[in-house]
Amino acid sequence: MNTLSIDNCEKCRECCERCKENEHVHEILGSTLLANCCKDAHNHRFATVSQEAMKSGSSHVHKVKFRTDSYEGHYHEFEGTSGPAIPVGDGRHVHFVKAYTKEADNHKHEFRVATLIDNPIGD
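Residues numbered from 1 in each chain as written. Predicted model: local features only at pLDDT ≥ 70, side-chain atom pairs only at ≥ 80, totals over all residues. Heavy atoms only, no water.

**Here's the deal with the packing of aromatic side chains**
To be explicit about the condition: Two rings belonging to Phe, Tyr or Trp (six-membered ring only in the last case) form a pair when the distance between their centres is within 6.5 Å. Interplanar angles under 30 degrees mark stacking, angles over 60 mark edge-to-face geometry, and anything in between is tilted. Where helices and strands are cited, they refer to DSSP runs of H or I of at least four residues and of E of at least two residues respectively, numbered from the N terminus. In this scheme, a residue with accessible area under 20% of its type's maximum is buried, one over 50% is exposed, and one in between is partly exposed, where area comes from a 1.4 Å probe on protein chains only. Only Lys NZ and Arg CZ are tested; either one counts as a charge over a ring when it is within 6 Å of the ring centre and within 35 degrees of the ring normal.
All told, the structure shown has five aromatic pairs when counted by the stated rule. Centroid distance F46 to F111: 5.4 Å. Interplanar angle 70°. Geometry classified as edge-to-face. With a gap of 65 residues between them, F46 in strand β2 (residues 45–49) and F111 in strand β10 (residues 110–114) connect regions that are remote in the sequence. The burial state of F46 is the same as that of F111; both residues are buried. Each member of the aromatic cluster is reached from another via a ring pair, and the members are F46, F66, F78 and F111. When the ring centre of Y75 is taken as reference, the NZ or CZ atom of R67 above it lies at 3.4 Å. Lying over the aromatic face of Y100, K108 brings its terminal NZ or CZ to 5.2 Å of the ring centre.

Below is the structure:
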């Protein structure tokens, strides 16, 4: 039978604590910029939750995927990656995303959004 020493348990506990630090997601709310400015100008809104953190260099990023609300029978999708963590104080951070939606109804929309803060009410 295999038994773990106290040293192995400590190493496992430290590892698990480090892993939990990276197990977080961010809420994301936003609006696209206007498209079709000369004819039928409109924008779209979206709300989503990022995927869990993925190491990237000395920071981390999140995969982001959403589908916008509908306008006159069409919507847009986006699938991409956030920028690295941006510290905002108290050990918390946000991420920035600037990109374009996929094309639908012969146009696409640019958007710029910052995620909501990670763990807003935690220690």
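Moving on from the coordinates now.
**Focus on the environment of H62**
Stated precisely, the cut-off is as follows: Note on definitions: a residue-residue contact is assigned when non-hydrogen atoms from the two residues lie within 4.5 Å. Under this definition, polar contacts are N or O atom pairs within 3.5 Å; protein pairs additionally need one hydrogen-donor-capable and one acceptor-capable atom, and for neighbouring residues in sequence, both atoms have to be side-chain atoms.
Mapped onto the fold, H62 is located in the loop between β4 (59–61) and β5 (63–67). Note on H62: relative accessible area 1%, which makes it buried. Spatially, the C-alpha atom of H62 lies 9.3 Å from that of A85, the residues being 23 residues apart in sequence. Apart from the residues within four sequence positions on either side, H62 is in contact with H24, V25, H26, S50, Q51, E52, A53, M54, G80, T81, S82 and H95. Looking at H62, its side chain comes within polar contact range of the side chain of S50, at 3.4 Å. Polar side-chain contacts of H62 include one of 3.5 Å to the side chain of H60.

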